[in-house]
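Structural overview for review
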Amino acid sequence: MDNNDLGFDLHIRKEPPVTLVSPKNPNPIETIYLSNIDQQLIFPVETLFIFKGNKSFNNNEVDIVETVKKALSEKLLVSYFFLAGRINFNILQQRLELVSNNAGILFVGANSDLRLDELGDLSAPNPSFRDLIHELEGFDSLADTPVFTVQVTKFKCGGFSIGYATNHSILDGRSAAEMFQKLAAICRGDETALDDYVLNTDRSYIKARNPLQIKFDHKEYTKQTFSNFSTPTSKTKVNPSILDSTDAPRFELVALNSNFISMLKKKAMVKCSSFEAVVAHIWKCRAAALYDDPTKVSSVLFAVDIRGKMEPPLPDSFVGNAVITASASAVVEDLLVEPFSFCVEMVKEGIQKVTNEYVRSAIDWWEMHKGVPAIIDGNFFVSAWWKLPFHELDFGWGKPVYAGPLVTSMHEFVLLLPGQNGDGINVWIALERDRMERFMSYILMC
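Residues numbered from 1 in each chain as written. Predicted model: local features only at pLDDT ≥ 70, side-chain atom pairs only at ≥ 80, totals over all residues. Heavy atoms only, no water.

Bridge count for strand β12 (residues 297-305) against strand β13 (residues 323-331) is 9 bridges, and the pairing is antiparallel. In the sheet register, V304 faces β13, and the bridge partner there is I324. Pairing of β12 with strand β15 (residues 380-383) involves 3 bridges; the strand directions are parallel. Counterpart to L301 in the pairing with β15 is F381. (Pairing = 2+ DSSP bridges. Helix = DSSP H or I, 4+ residues; strand = E, 2+ residues; numbered from the N terminus.)

Structure, rendered in structure tokens:
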């Protein structure tokens, strides 16, 4: 399949957005501290789930639009009241905060004249899927912008999609996955899904020290302004009309099956995880495709969950962002001429250095420099979507046929998605067309 010729009209008719509020918002209004990790992530993450109609589930008479809407307004927004809040810039403290003012989430019901089988291959992100998300755009200011939107789209065949736009500063991938699971359980009719379910919104666990104690270089971050930083799930879009342009990036979905990954791990000659082996392999192949100067330094960045690394560990009920950016760096020539074990060891070291002290130092570094992940000068970020249990979501119609992010045109981001039927990992990557040809000549060689 050519992932570069996928833009088409989904023939969608959207109802006007409806504002849903929490039935039990805190009184007085609660203001939630946003950690230094949260402060870096003020952009929307757009996630889509597509489900086939399934007669065996006896849900033909159930209106999925009303089911999801009711589950949100009557149940989910009790525990997740803060999703109905707004992000505010506190002038006195010179930092962002989440005000639980119950301004509401936005909900959209929609219909498509197409059947799911007319959408083509559902194994990969598709530029046209953007129509299945209600985007967090068009508002006068950040303080007016919702932090969460939901769009439910019904297709002609009985299938449907549920698209979410969530401000990343509010939830990380693990927290979002848990929230989606709770919503799905409510939609299936589980009345006890949120019983005794208390979320810990106290993010002061991840607070800078006084005085600051920066003990590491933290080259994974750069002292760059937010205005110069974009992400694959922010306002950077793929316009289907430019996909045929010679200036447009080329997209590829590369399937690395479990046998190939096993060979990579064997080639590594050291004990390593699938993630470490795959990231090392992508790093090596991308460096060979991208750099003309072998003396340059290349870095690969990735997120590391810190819930169990902090002392004391974050509580199980913690909701928010509990990941920091880690990295591995090497001279391009070393990546190319040294054995594969060299690349794997560098990735392993990048992960292993994330200790409690490293995390605390990174938080203090951000307090001083207000930086962002250093995806500059050819560096790139690997995002492991395949580790999130999105493909297990069941709203009462069975598991989704697509579960993942919207398409990205960013060269600096590589997405790791679940392989087809759970076999291996699919690598979603965008590169300039001539660079992509070189990358593709390397990536399937072990």
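By size, the foremost hydrophobic cluster in this structure holds 121 residues, and its most contacted members are V68, L72, F82, L83, F395 and L416. In terms of residue count, helix α5 (residues 274-290) provides more of this core than any other element does, 10 residues in total. By size, the runner-up hydrophobic cluster in this structure holds 15 residues, among which are L122, L136, Y402 and L406. (Core = buried A, V, L, I, M, F, W, Y, C linked by side-chain atoms within 4.5 Å. Buried < 20%, exposed > 50% of the residue type's maximum accessible area, 1.4 Å probe, protein only.)

Further remarks concern the packing of aromatic side chains. Applying the stated criterion across every chain yields a total of 20 aromatic pairs. Joined through ring pairs, the aromatic side chains of F49, F148, Y164, F180, W385 and F390 make up one cluster. Over the ring of Y197 we find K182, and its NZ or CZ is 4.4 Å from the ring centre. Over the face of the ring belonging to F275 we find K387, whose NZ or CZ atom lies 4.5 Å from the ring centre. (Phe/Tyr/Trp six-rings, centres within 6.5 Å; stacked < 30°, edge-to-face > 60°. Lys NZ or Arg CZ within 6 Å of the ring centre and 35° of its normal.)

Within the secondary structure layout, A287 lies in helix α5. When the C-alpha atoms of A287 and S262 are compared, they prove to be 22 Å apart, with 25 residues separating the residues in sequence. The contact partners of A287, leaving out residues within four places of it in the chain, are V332, L335 and L336. (Contact = heavy atoms within 4.5 Å.)

Before going further, it helps to spend a moment on the sheet that holds strand β5 (residues 86-90). The strands that make up a sheet pair up through hydrogen bonds in the backbone, lying either parallel or antiparallel. Strand order in the open sheet formed by 3 strands is β3-β6-β5, with antiparallel pairing between adjacent strands. This sheet does not close on itself; its edge strands, each paired only once, are β3 (30-33) and β5. Averaged over all neighbouring strand pairs, the angle between strand axes comes to 40°, with direction disregarded. Pairing between β3 and strand β6 (residues 95-100): 4 bridges, direction antiparallel. Bridge pairing links T31 to V99 in β6. (Axes fitted to C-alpha atoms, helices over the stretch in contact; angles between N-to-C directions.)

This part takes up the packing of helix α2 (residues 64-79) against helix α3 (residues 173-187). As a packed pair, α2 and α3 sit with axes 9 Å apart at the nearest point and diverge in direction by 110°. With respect to α3, the axis of α2 lies roughly perpendicular. Here α2 and α3 pass one another in a crossing that is right-handed. Residues T67, V68, A71, L72, K75 and L76 of α2 touch α3, and the partners they reach there are M179, K182, L183, I186 and C187. For the contact of α2 with α3, the residue count by class is 8 nonpolar, 1 polar and 2 charged. (Parallel < 35°, antiparallel > 145°, perpendicular 65-115°, else oblique. Left-handed = near helix turned anticlockwise from the far one by under 90°. Nonpolar A, V, L, I, M, F, W, Y, C, P; charged D, E, K, R; others polar.)

Bringing the sheet that holds strand β17 (residues 413-418) into the picture now. One open sheet holds the 6 strands; their spatial order is β11-β18-β17-β15-β12-β13, and the pairing between them is mixed. Two strands bound the open sheet, and with one partner strand each, they are β11 (250-256) and β13. If you compare each strand with its neighbour and ignore which way they point, the axes differ by 20° on average. Against the sheet, helix α9 (residues 433-443) makes contact with β11 and β18 (425-431), and its axis sits at roughly 10° relative to β11, the strand it touches most.

Treat this as a map of the structure, not an account of what it does.
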